[in-house]
Amino acid sequence: MTPPSTLRRGRSHVARGASAVAILALGVTAAVAIPAQAAGSTLQDAAKGSGRYFGTAIAASRLNDSTYSTIANREFNMITAENEMKMDATEPNQNQFNFSQGDRILNWAQQNGKQVRGHALAWYSQQPGWMQNMSGTQLRNAMLNHVTGVATHYKGKIYAWDVVNEAFADGSSGGRRDSNLERTGSDWIEAAFRAARAADPGAKLCYNDYNTDDWTHAKTQGVYRMVSDFKSRGVPIDCVGLQSHFNPQSPVPANYQTTIERFAALGVDVQITELDIEGSGQQQAENFRKVTQACLNVARCTGITVWGVRDTDSWRASGTPLLFDGSGNKKAAYTAVLDTLNSVSGTTPPPTSTPPVTTPPVTTPPVTTPPVTTPPVTTPPPVSGSCSAALTIANSWPGGYQGTVTVTAGSSGLNGWRVTLPGGVSTNNVWNGNVSGSVVSNAPYNGSLGAGQSTSFGFIGQGNAPGAATLTCS
């Protein structure tokens, strides 16, 4: 998981020759010049007072829920698609792009006067099945073609792209994550950013990751070194996204603001992209306040996005990590965020000093998002008759998981398919398919398969991921 005032529609980029300190000084000057305004009654209005946005991630499948869509429209002015713009959703078959669900979210946002963060162009996870089987030059070219195709489709309509997502490893190395994309050559991230700039030159280009909130952590330092290198060589990068998933075991670090300051000093914006904080009551409220205040204290922290609308919509629903409860009621955390945003709108400028950049000793960070594990793919039965289906658990975390189901046609091909999920699987968030109870049927664009051909759909499940399971396909 992959967020996100009056925003500068022109999306001007920082002059590369300016020093980081001068850039911050200009940002502070601009903040001081903002006149005092009346307190905002919603998150988006309160954030506007300091020239920032306050956003949320939404799922297309939930837009028909009136409580959900009403809150999203009232409170937020930056929208991120939870899954609908990721690689498997937008290019389910090679060179056959599908933007129907991503466009649905974009159109809803535009019709309601909101901007959109694009998430995500290149990622080791949620790759379509056809891409997972590639390597080397073939994979590199397919990745760049994907970046170009998606960014071109949305050209001029996206405020900022998460160009590359989660490319650094957890632990003490501070190095890159081993993935099929990394094995194409370590310059793959640079290549993706250059392709994105060529395809959509007006959008801000961001690198996005989790466990990069604590300045002393090796992973944070690894990302910092990459961004510094990119800025020094003119690689097009405009922003860094801190996912900021917190829980009682991995709380908001005391040096969270320092991390934001250090990245900002490189001459990039910082965006808090996927904020959720497990907990309840005043303790949760105080943690949300700390994060909000830290962003407000740094001129180049341009906005905050919470990853979901209500607790029950969250990928971490059991931890009640959001600002609204399952019924849509405002929580204490909501009030803390709103009051903090209003307390500085046009009255309290960000600090004017920029601390010197120093590289701390490398330490091993606690993991806020469990390391991604990919269990063996359930072996499907031999293809015969109409079709077969195989389930892969692509990612899991306490209280939920992400599943991918590959549908393969038999010897006579298919014109439409239906897959019955295993018993105990519960989901209302499906992409590349339509769900009704425990049955997922094809989308309009992936129901016709030739003999032996495959397609796939993804879903977010609640509870524990199933083990080896047999799926019924018809």
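None of these values were measured; they are calculated from a predicted model.

Take the confidence of the model for the protein next. Mean pLDDT for the protein: 84, with 82% of residues reaching 70 or above. Within the model, pLDDT remains below 50 along residues 2-36, and this stretch shows 86 contacts once partners closer than five positions in the same chain are excluded. Note that pLDDT drops below 50 for residues 346-384; the model gives that stretch 86 contacts with residues more than four away or on any other chain.

Among the nonpolar cores identified, the biggest contains 94 residues, and F54, W161, V164, F193 and L323 are the most heavily contacted of them. No other element matches the 7 residues that helix α8 (residues 188-199) contributes to this core. Residues L391, I393, L414 and F457 belong to the second largest nonpolar core, which totals 20 residues.

For the rest of this paragraph, the subject is the pattern of salt bridges. Side chains that differ in sign of charge can pair as their charged atoms come close. Counted by the stated rule, this structure contains 22 salt bridges. In this structure, E82 and R62 form a salt bridge, with 3.9 Å as the shortest nitrogen-oxygen distance. Residue E82 is located in the loop between β2 (78-81) and α4 (87-90), and its partner R62 is located in the loop between β1 (53-58) and α3 (66-75); the two are separated by 20 residues in the primary sequence. We note that E82, like R62, is buried. With a closest N to O distance of 2.7 Å, R117 and D162 form a salt bridge. Note that R117 is positioned in strand β3 (residues 115-123) and D162 in strand β4 (residues 160-165), a separation of 45 residues in sequence. No difference in accessibility class separates R117 from D162, as the two residues are buried.

Moving on: the packing of helix α11 (residues 281-296) against helix α12 (residues 332-344). Look at α11 against α12: their axes get within 8 Å of each other, and the N-to-C directions meet at 30°. If you check the angle between α11 and α12, you find them roughly parallel. In the crossing of α11 with α12, the sense of the turn from one axis to the other is right-handed. Across the interface between the two elements, G281, Q282, Q284, A285, F288, R289, T292, Q293 and L296 of α11 pack against A332, A333, A336, V337, T340, L341, S343 and V344 of α12. Its residues assigned to classes, the contact of α11 with α12 shows 9 nonpolar, 7 polar and 1 charged.

What follows concerns the state of the cysteines. In total, this model carries 3 disulfides according to the counting rule given. The disulfide partner of C206 is C239, and the gap between their sulfur atoms is 1.9 Å. Measuring handedness by torsion sign, the sulfur bridge of C206 and C239 sits at about -80° and is left-handed. Of this pair, C206 sits in strand β5 (residues 204-209) while C239 sits in strand β6 (residues 239-242), and the two are 33 residues apart along the sequence. Of the two residues examined, C206 and C239, each falls in the buried class. With its disulfide-bonded cysteines labelled consecutively along the sequence, the protein is connected as 1-2, 3-4, 5-6.

Counting buried positions along β5 gives 6 out of 6 residues, so the element sits mostly inside the fold. Residues K204, C206 and N208 line one face of β5 and the alternating positions L205, Y207 and D209 line the opposite face, and both faces are buried. Bridge analysis of β4 against β5 gives 5 bridges, and the strand direction is parallel. Note that in β5 the partner of N165 across the bridge is N208. Regarding the hand of the β-α-β motif, the stretch spanning β4, α8 and β5 is right-handed. Across 4 bridges, β5 lies against β6 in parallel orientation.

Taken in spatial order, the 4 strands line up as β15-β16-β13-β19 in an open sheet, and their pairing is antiparallel. A strand with exactly one partner marks an edge of an open sheet, and here the two such strands are β15 (433-436) and β19 (472-473).

Moving on, we get to unusual backbone geometry. For residues that are not glycine, phi is negative in most cases, and the peptide bond is trans in most cases. The linkage connecting H119 with the following residue, A120, adopts the cis geometry, with an omega of -5°. Secondary-structure assignment places A120 in strand β3. A positive phi angle, near 60°, is found at S244, a position not held by glycine. With respect to the secondary-structure elements, S244 resides in the loop between β6 and β7 (245-246).

Here we come to the packing of aromatic side chains. Enumeration over the complete set of coordinates arrives at 14 aromatic pairs. Seen in terms of ring centroids, F97 and F99 are 5.8 Å apart; in terms of plane orientation they differ by 5°. Their pairing is stacked. In this structure F99 comes out as buried when scored by relative accessible area, which is 13%. Their ring planes at 15° and their centres at 5.6 Å tell us that W417 and F457 sit as a pair that is stacked. Of this pair, W417 sits in the loop between β12 (414-415) and β13 (418-420) while F457 is found in strand β18 (residues 454-462), placing the two residues 40 residues apart along the sequence. Side by side, W417 and F457 carry an identical accessibility label, which is buried. One aromatic cluster is present, built from ring pairs that chain together F97, F99, Y154 and W161.

About the criteria used
- Residues numbered from 1 in each chain as written.
- Predicted model: local features only at pLDDT ≥ 70, side-chain atom pairs only at ≥ 80, totals over all residues.
- Heavy atoms only, no water.
- pLDDT = per-residue confidence, 0-100.
- Contact = heavy atoms within 4.5 Å.
- Core = buried A, V, L, I, M, F, W, Y, C linked by side-chain atoms within 4.5 Å.
- Buried < 20%, exposed > 50% of the residue type's maximum accessible area, 1.4 Å probe, protein only.
- Helix = DSSP H or I, 4+ residues; strand = E, 2+ residues; numbered from the N terminus.
- Salt bridge = Lys/Arg side-chain N within 4 Å of Asp/Glu carboxyl O.
- Axes fitted to C-alpha atoms, helices over the stretch in contact; angles between N-to-C directions.
- Parallel < 35°, antiparallel > 145°, perpendicular 65-115°, else oblique.
- Left-handed = near helix turned anticlockwise from the far one by under 90°.
- Nonpolar A, V, L, I, M, F, W, Y, C, P; charged D, E, K, R; others polar.
- Disulfide = S-S within 2.5 Å.
- Pairing = 2+ DSSP bridges.
- Right-handed = clockwise from strand over helix to strand, strands pointing away.
- Phe/Tyr/Trp six-rings, centres within 6.5 Å; stacked < 30°, edge-to-face > 60°.

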